[in-house]
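Secondary and tertiary structure notes
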Amino acid sequence: MHIAVVGSGYVGLVTGACLSDFGMDVTCVDKDEKKIAMLQRGEVPIYEPGLDGLIAKNAKAGRLRFTTNVAEAVERALAIFIAVGTPPREDGSADLSYVIEVAETIAAHLNGYKVVVTKSTVPIGTGQLIEQIIREKSGGRFPFSVVSNPEFLREGSAIEDFMRPDRVVIGARDPQAIAIMKDIYAPLYLIETPFVITNVESAELIKYASNAFLATKITFINEVAILCEKLGADVHHVAKGMGLDRRIGPKFLHPGPGYGGSCFPKDTRALTDIARQAGYRFGIVETVVEVNEKIKARMVDKIRTACGGSVSGLTVGVLGLAFKPETDDMRESPAIPIVTALVKEGARVRAFDPAAMDNAKEVLPATVEYCQDAYDAATGAHCLVIITEWNQFRSLDLERLKGLLARPLVVDLRNVYEPDKMREAGFAYECVGRAAANLPKA
Ligand code: UDX
């Protein structure tokens, strides 16, 4: 089966590479000539573990190719996946202009029955809009179906998430389109992946509702962590005790400096906007968006307090800038407001991240100094702040660190270290939601 994937960004490339690995004949399209030229040379423009190998393997096998020629790719394909960006507008709503442009192009090059699949996260009702655009612009010359097939990929484990998903969601109206989608995902039947077959609107909402629920879960534990600090409880013990209830589940109960990334902030804001447009104020998600901002600001208070009330004139070492480990992605990273506030309050910031420093330079204040490694960032610092839990920060040589720091103070916003051990090792140590003393092991 011939497949076209329009939009060779993060979602498009992972989708294209994985579908070609399923044995499909895939053409990835993008209007960015530089990007396509890179991909044709075998270079992958984004950082995602395993993606370069998968692209190389399937390109070599002749199942995966890259082009800027959308017309040819559309004409050739039976299924066309739309995976272009839906960036947030000023007011938080999703900007659909790229999706609309693709729908118009598909309409112009329709030459037979096609399944048009949205992979991009699009507001509820977009499937209908695409259908209307294609119908009007193609003058009803050929039949086609519109399908919503949202992705649930996490950066850093996107390939694994695509190949072994918890579920595949297919929103469609007609049986022919559902049958084609099932064919495309046939390898997942072998591993007994559950399929949720529903209408387009439900599929579109599943994506937003899932991301908003996860963001709520994280925000909930972040607020529990605040209570723990005030009441002498330990958030790890509380999360474990909660998570063992199978109705709650243990995942996404890790406290930290607030959620970030390309999905949760955008999708929570978009969902509140979608709800308002539908005449409903989605109170819980609006509050989550608000509280997440407060959590990030609270991290600055924590650092300032640990430093004795002010960071002015102090050197702060920062470990980790990406919104989470195993990515170079700085989008909505909590490091942005935290580092910006520290600089504004007069701190000299020396930072290190294993992958995100190039991207960080674009969004952090110009005075931030970028270091060789964790020890370099710690050198001469009055306070060392861990913002992203990269594995390499989990087993630092504490004696060496103490020797390098101007003052043995660590503020660990991801609870990478054990408070007792850090204090025993001679550090003043602050973390999130673990104020309890003399705890037995969880
Ligand atoms: C997320 C969803 O998981 C994925 O299904 C969706 O398709 C896109 O958005 P991603 O943005 O890659 O994926 O990151 P994820 O691993 O889910 O983490 C999101 C944010 O939540 C990060 O900032 C992370 O640090 C934070 N987080 C996650 C916590 O603070 N605590 C947790 O327990 C889990």
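Quick notes on the rules
- Residues numbered from 1 in each chain as written.
- Predicted model: local features only at pLDDT ≥ 70, side-chain atom pairs only at ≥ 80, totals over all residues.
- Pairing = 2+ DSSP bridges.
- Helix = DSSP H or I, 4+ residues; strand = E, 2+ residues; numbered from the N terminus.
- Contact = placed C-beta atoms within 7 Å.
- Axes fitted to C-alpha atoms, helices over the stretch in contact; angles between N-to-C directions.
- UniProt positions renumbered as here; feature names shortened; annotations may be inferred.
- Buried ≥ 20, exposed ≤ 12 C-beta atoms within 10 Å, placed from the backbone.
- Arc of directions from axis to C-beta.
- Core = buried A, V, L, I, M, F, W, Y, C linked by C-beta atoms within 7 Å.
- Domains from an automatic or database assignment.
- Near = placed C-beta within 6 Å.
- Nonpolar A, V, L, I, M, F, W, Y, C, P; charged D, E, K, R; others polar.
- Expected span 1.5 Å × (residues − 1).
- Parallel < 35°, antiparallel > 145°, perpendicular 65-115°, else oblique.
- Left-handed = near helix turned anticlockwise from the far one by under 90°.

Notes on the sheet that holds strand β11 (residues 369–370)
Strands belonging to one sheet form pairs held by backbone hydrogen bonds; the direction of such a pair is parallel or antiparallel. Spatial strand order, β11-β10-β9-β12-β13-β14: six strands in an open sheet with parallel pairing. What marks the edges here is a single partner per strand, and that holds for β11 and β14 (428–430). By the bridge criterion, four bridges tie strand β9 (residues 315–319) to strand β12 (residues 383–386) in an arrangement that is parallel. The residue of β12 that forms the bridge with Val318 is Val385. Along the sheet, helix α13 (residues 283–306) makes contact with β12, β13 (409–412) and β14, crossing β13 at roughly 165 degrees.

With respect to the UniProt feature "active site" (unreviewed entry) in the chain
UniProt records the feature "active site" (unreviewed entry) at Cys263, using the numbering of this structure. Note that Cys263 resides in the loop between α11 (235–243) and α12 (264–277). On the basis of neighbour count, Cys263 is assigned to the buried category, with 21 C-beta atoms found within 10 Å.

Structural notes on helix α3 (residues 51–60)
All of the buried residues in α3 are Leu54, Ile55 and Asn58. In an axial view of α3, the angular spread of the buried residues amounts to 100 degrees, which keeps them on one side of the axis. Summarising the geometry of α3, the exposed residues directed more than 90 degrees from the buried face are Gly53 and Lys60. Where α3 is buried, its residues touch α1 (10–21), β3 (64–67) and α7 (158–163). Phi turns positive, to about 80 degrees, at Gly62, one or two residues after α3.

Let's talk about the nonpolar core
Val6, Ile80 and Val116 are the most contacted members of the largest nonpolar core, which has 129 residues in total. Looking at this core element by element, the count peaks at nine residues for helix α10 (residues 200–231). When we break this core down by domain, the ones giving at least three residues each are domain 1 (2–198) and domain 2 (213–430). Residues contacting Ile80, with those up to four places away along its chain left out, are Ala4, Val6, Val74, Ile106, Lys114, Val116 and Val117.

Observations concerning the site of the ligand
The immediate surroundings of the ligand are formed by 20 residues, with Glu155, His254, Tyr259, Gly261 and Cys263 found nearest. At three residues, the largest contribution of residues to the shell around the ligand is made by α10. Residues belonging to the shell around the ligand are distributed by class as follows: 10 nonpolar, six polar and four charged. Among the domains, domain 1 (2–198) and domain 2 (213–430) are the pair contributing at least three residues each to the shell around the ligand.

Some remarks on α10
When the terminal C-alpha atoms of α10 are compared, their 46 Å separation across 32 residues agrees well with the 46 Å that a helix rising 1.5 Å per residue should span. Taken from the residues just after α10, Gly232 is the one with a positive phi, measuring 75 degrees.

So, the domain arrangement of the chain
Annotation of the chain at the domain level lists domain 1 (2–198) and domain 2 (213–430). On a C-alpha basis, the centres of domain 1 and domain 2 stand 34 Å from each other. Facing 12 residues of domain 1, the contacting portion of domain 2 comprises 15 residues. Of the residues assigned to the side of domain 1 that touches domain 2, the class counts are six nonpolar, four polar and two charged.

A look at the packing of α1 against α3
A packed helix pair is summarised by two numbers, namely the angle formed by the two axes and the spacing between the axes. Look at α1 against α3: their axes get within 9 Å of each other, and the N-to-C directions meet at 50 degrees. With respect to each other, α1 and α3 are oriented oblique. Viewed along their axes, α1 and α3 form a crossing whose handedness is left-handed. Together, Leu13, Val14, Ala17, Ser20 and Asp21 of α1 and Leu51, Leu54, Ile55 and Asn58 of α3 make up the contact between the two elements. Among the residues forming the contact of α1 with α3, the class breakdown is six nonpolar, two polar and one charged.

Quick word on unusual backbone geometry
Here the phi dihedral of Phe252 falls at roughly 60 degrees; this positive angle occurs in a residue that is not glycine. For Phe252, a count of 16 C-beta atoms within 10 Å gives the class partly exposed. Backbone geometry at Asn415 places phi at a positive 50 degrees, although glycine is not the residue there. Mapped onto the elements of the fold, Asn415 is located in the loop between β13 and α18 (419–424). Residue Asn415 is classed as buried on the basis of its 20 C-beta neighbours within 10 Å.

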